[in-house]
Amino acid sequence: MTRENKTPGCLMAAEAAQSPGVFARAAVQSIPSVIKLPKAIYTIARGSSDAAANILSYEFMRELGIPVTSLPPSMFSLGSGVDMNGSAALVISQSGSSSDLVLSAKGAGRSGARVLAITNQPDSPVEAASDVTLAIGAGPELAVPATKSVIGSVAAGMALLTKLKPAYMTKAQKAASAIETMCLQHPQAASLQAAFLRARHVYVIGRDTGYGAAHEIALKLKECCAIHAEAYSSSEVLHGPLQLATNPLMVLLLDTGFTKIQDSLDQAEARFRAADCDVHRLRIADMGLDDVPPAAAAALLAVIYPVILNTALALGLDPDAPETLSKVTQTI
């Protein structure tokens, strides 16, 4: 199906519906290459791919005990790079062809890094510049907003984690089995859509892997619905950003079920409710899952794509083709 002569939103709807299957396949893919544990991992990505990288960074640090942090592509596209000897660069690019990410993959390799790539396009320039490639395996994605490839990126990262820490395989396999047959229709879909339609400003709040999911949902609200949305950690939002609660504000809290983040989310929820904000808390248990790794839980919370899609349609917008955006963004 192409974007011409089609029902608005049908591409995004079809592709989002494929997300559970894409996740299940990507999370348990085999990686024949030998990958040694580096002293640090630097993620390089933009947009939705950077949200996936954020999710994975928390999971990798918890499981591997090494630093994992984001490195701006401009270090290589505008600058001469940084010393990466002994480290790995994890480049996540759905198309594998954005010029700054291609330059980053090449530059990281020249700077001494082992370059690992997660891409959805076989034989892409990013893959050609990388030592090891993990396939998202989502197939063609025609809607401008990425959906199944974002969820698949998280899953591919979990497969990489299994390669670096074989004991993690049990968690990845359990998540793949649980997610493959899940329903994307969130039980709070109607109330969430109504809240989005009322909203003019939205805070999406998470902690740990849920922080990356917050970035993805905030991005989708902006690109699909033209709604102003910002992502925050539940620990950071109670500083200066809390002041915005003095204006009408919708707050969406993402709860992965991870025990150690509950107090932080509870505190944020209580403060925003006390300020009379329109507060909604999405829990992984709402979707019938309560025992999956935090990275998988965050990916699932990000999959409220049907709610965002229907909100866009109710606003008279076509989420498949936002007016100012294109599928591949070339930046330097």
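Refer to the structure above for everything that follows.
Each helix and strand counted, the protein has 13 helices and 9 strands in total. Relative to its length of 332 residues, the protein is compact, with a C-alpha radius of gyration of 19 Å against a globular reference of 20 Å. Counting only C-alpha atoms and orienting by the principal axes, one finds that the protein spans roughly 50 × 50 × 40 Å. Counting across all 332 residues of the protein, residues that qualify as buried make up 55%. For the protein, the accessible surface area stands at approximately 13,600 Å², while carbon and sulfur atoms represent 53% of it. If the 26 positive side-chain charges of the protein are averaged to one point and the 29 negative ones to another, these points end up 4 Å apart.

Ordered by their spatial adjacency, 5 strands build an open sheet running 2-1-3-4-5, and the pairing between neighbours is parallel. The open sheet has two free edges, formed respectively by strand 2 (68–70) and strand 5 (132–135), since each of these has just one partner strand. Pairs of neighbouring strands in the sheet enclose a mean axial angle of 20°, with direction left out of account. Across 3 bridges, strand 1 (residues 41–44) lies against strand 2 in parallel orientation. Residue pairing for strand 2: Thr43 is matched across the bridge by Ser70.

Axis separation between helix 9 (residues 189–198) and helix 13 (residues 305–314) bottoms out at 9 Å; the angle between their running directions is 45°. Here helix 13 runs oblique to helix 9, going by the angle between their axes. Along this stretch, helix 9 crosses helix 13, giving a crossing that reads as right-handed. Across the interface between the two elements, Ala189, Leu192, Gln193, Phe196 and Leu197 from helix 9 touch Val307, Ile308, Asn310, Thr311 and Ala314 from helix 13. Here the residues of the contact of helix 9 with helix 13 sort into 7 nonpolar, 3 polar and no charged.

The subject of this paragraph is the environment of Asp131. By secondary structure assignment, the location of Asp131 is in the loop between helix 6 (125–128) and strand 5. Asp131 gets classed as partly exposed once you look at its relative accessible area, which sits at 46%. Sequence separation between Asp131 and Val115 is 16 residues; the distance between their C-alpha atoms is 5.3 Å. Setting aside anything within four residues of it in sequence, one finds Asp131 in contact with Ala113, Arg114 and Val115. A polar contact of 2.8 Å, which involves the side chain of Asp131, links it to the backbone nitrogen of Val115.

Burial within strand 3 (residues 88–93) is extensive, with 6 of its 6 residues counted as buried. Alternating residues of strand 3 divide into Ala88, Leu90 and Ile92 and Ala89, Val91 and Ser93, and every residue in both groups is buried. Note: strand 1 against strand 3, 4 bridges, orientation parallel. When the bridges of strand 3 are listed, Ile44 appears paired with Val91. This β-α-β element, strand 3 to helix 5 (residues 99–110) to strand 4 (residues 114–119), shows right-handed connectivity.

All right, on to the packing of helix 3 (residues 47–64) against helix 12 (residues 294–302) then. Direction vectors running N to C along helix 3 and helix 12 enclose 165°, while the axes themselves pass 9 Å from each other. With respect to helix 12, the axis of helix 3 lies roughly antiparallel. Both helix 3 and helix 12 take part in a crossing whose hand is right-handed. Here helix 3 contributes Ile55, Glu59 and Arg62 to the contact with helix 12, which in turn contributes Pro294, Ala295, Ala298 and Ala299.

Moving on to the environment of Leu249. Looking at the secondary structure, you find Leu249 in the loop between strand 7 (228–233) and strand 8 (250–255). For the pair Leu249 and Leu78, spaced 171 residues apart in sequence, the C-alpha to C-alpha distance is 38 Å. Excluding residues that lie within four positions of it along the chain, Leu249 makes contacts with His201, Val202, Tyr203, Leu244, Phe272, Cys277 and Asp278.

For helix 9, the complete set of buried residues consists of Ala189, Leu192, Ala195 and Phe196. Around the axis of helix 9, the buried residues are gathered within 130° of arc, so they sit on the same side. Along helix 9, the residues that are exposed and aim more than 90 degrees away from the buried face are Ala190 and Arg198.

Let us look at the packing of aromatic side chains. All chains considered together, the criterion is met by 2 aromatic pairs. Ring centres of Tyr203 and Tyr232 lie 4.9 Å apart, and the angle between their planes is 70°; on these two criteria the pair is classed as edge-to-face. Taken as a pair, Tyr203 in strand 6 (residues 201–206) and Tyr232 in strand 7 lie far apart in primary sequence, 29 residues in all. For the pair Tyr203 and Phe272, a centre-to-centre distance of 6.1 Å together with 85° between the ring planes defines the contact as edge-to-face. Of this pair, Tyr203 sits in strand 6 while Phe272 sits in helix 11 (residues 262–274), placing them 69 residues apart in sequence. Just as Tyr203 is buried, Phe272 falls in that class too. A cation over an aromatic ring shows up here: Arg62 above the ring of Phe258, its NZ or CZ 4.6 Å from the ring centre.

How each quantity is defined
Residues numbered from 1 in each chain as written. Predicted model: local features only at pLDDT ≥ 70, side-chain atom pairs only at ≥ 80, totals over all residues. Heavy atoms only, no water. Helix = DSSP H or I, 4+ residues; strand = E, 2+ residues; numbered from the N terminus. Rg over C-alpha atoms; globule rule 2.2 N^0.38 Å. Buried < 20%, exposed > 50% of the residue type's maximum accessible area, 1.4 Å probe, protein only. Areas by Shrake-Rupley, 256 points an atom, 1.4 Å probe, with all protein chains shown as cover. Lys, Arg positive; Asp, Glu negative; His and termini not counted. Charge placed at Lys NZ, Arg CZ, Asp CG, Glu CD. Pairing = 2+ DSSP bridges. Axes fitted to C-alpha atoms, helices over the stretch in contact; angles between N-to-C directions. Parallel < 35°, antiparallel > 145°, perpendicular 65-115°, else oblique. Left-handed = near helix turned anticlockwise from the far one by under 90°. Contact = heavy atoms within 4.5 Å. Nonpolar A, V, L, I, M, F, W, Y, C, P; charged D, E, K, R; others polar. Polar contact = N/O pair within 3.5 Å; in protein donor to acceptor, adjacent residues only side chain to side chain. Right-handed = clockwise from strand over helix to strand, strands pointing away. Arc of directions from axis to C-beta. Phe/Tyr/Trp six-rings, centres within 6.5 Å; stacked < 30°, edge-to-face > 60°. Lys NZ or Arg CZ within 6 Å of the ring centre and 35° of its normal.

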